[in-house]
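# Inside the fold
Letter by letter, the chains look like this.
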Amino acid sequence: MNKQEWLNKLLGDELIAHLQYAIASKTVFGTDYDACASEFDQHSKEELEHFNKILDLMVQRHLEVEQDLLTLIKESKSGYEIMSETASKELVKFHIQAEKNAINTYREFLDNLTKEEQKDYALIHEIKNILSDEIEHRTDLEIISSSINNSAIEKQAEISVSTENQKSSLNY
């Protein structure tokens, strides 16, 4: 795969990520949904920034940008996956996996640059910055996932204590 094909695939991936985060930010519900919605909204904006950075890189290098959005999505590295669940825990899990995939894709792109392409320091710098953002996104989501899991454990403990208190009060 040449640099132009790779960059078009990355462009499609970022467009998909933007759309999926935007949808998730508006449809999420459940434990810590407000924190999830805020994080998803922020990530959506950053994925759109990534899309624009890649687009700029392609235009600056006089590479052909895929104009057909359906083709761009279809030929993306990640593909578009419909999010069937909108509960916060499931959406966070979905996006953690998507970020892991993005991280692997950017690393694969960097690993597949030719010796000549490795001299394009501006390209490498921008791609590494995007890669760094994707790693940060994954970390943010893992923190939220931990918070959701802790909230669920706390709620279960509260229910158990409440149930025990109710049982105790029945014994009098």
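Residues numbered from 1 in each chain as written. Predicted model: local features only at pLDDT ≥ 70, side-chain atom pairs only at ≥ 80, totals over all residues. Heavy atoms only, no water.

### Overview of the pattern of salt bridges
Here the structure, examined in full by the defined rule, presents six salt bridges. In this structure, D41 engages K45 in a salt bridge whose closest nitrogen and oxygen atoms are separated by 3.2 Å. Here the residue D41 and the residue K45 both occupy positions in helix α2 (residues 33-60), the gap between them amounting to four residues, near one helical turn. D41 sits in the partly exposed class, given a relative accessible area of 27%. Through salt bridges that share partners, K3, R61 and D120 make up one connected network. (Salt bridge = Lys/Arg side-chain N within 4 Å of Asp/Glu carboxyl O. Helix = DSSP H or I, 4+ residues; strand = E, 2+ residues; numbered from the N terminus. Buried < 20%, exposed > 50% of the residue type's maximum accessible area, 1.4 Å probe, protein only.)

### Regarding unusual backbone geometry
With a phi angle near 55°, D32 is a residue other than glycine that sits in the positive phi range. Positionally, D32 belongs in the loop between α1 (3-27) and α2. Residue D32 is classed as partly exposed on the basis of its relative accessible area, which comes to 23%. With a phi angle near 55°, H62 is a residue other than glycine that sits in the positive phi range.

### Regarding the packing of α1 against helix α4 (residues 88-111)
Look at α1 against α4: their axes get within 12 Å of each other, and the N-to-C directions meet at 165°. The orientation of α1 with respect to α4, classified from their angle, is roughly antiparallel. The chirality of how α1 crosses α4 is left-handed. For the pair α1 and α4, the contacting residues are W6, L7, L10, D13, E14, Q20, Y21 and A24 in the first and L91, F94, H95, E99, T105, Y106, E108 and F109 in the second. Of the residues assigned to the contact of α1 with α4, the class counts are nine nonpolar, three polar and four charged. (Axes fitted to C-alpha atoms, helices over the stretch in contact; angles between N-to-C directions. Parallel < 35°, antiparallel > 145°, perpendicular 65-115°, else oblique. Left-handed = near helix turned anticlockwise from the far one by under 90°. Contact = heavy atoms within 4.5 Å. Nonpolar A, V, L, I, M, F, W, Y, C, P; charged D, E, K, R; others polar.)

### Details of the confidence of the model for the protein chain
On average, the protein chain scores 89 in pLDDT, and the residues at 70 or more come to 87%. Summarising per-element confidence for the protein chain, the mean pLDDT is lowest in helix α5 (residues 121-170) (77) and highest in α2 (97). (pLDDT = per-residue confidence, 0-100.)

### As for the packing of aromatic side chains
How two aromatic rings sit relative to each other is set out by the distance from centre to centre and by the angle between their planes. Tallying each qualifying case throughout the model produces two aromatic pairs. Ring geometry for W6 and F109: centres 5.7 Å apart, planes at 65°, overall edge-to-face. Residue W6 is found in helix α1, and its partner F109 is found in helix α4; the two are separated by 103 residues along the sequence. For W6, a relative accessible area of 4% translates into the label buried. Judged by relative accessible area, F109 falls into the buried class, the value being 1%. (Phe/Tyr/Trp six-rings, centres within 6.5 Å; stacked < 30°, edge-to-face > 60°.)

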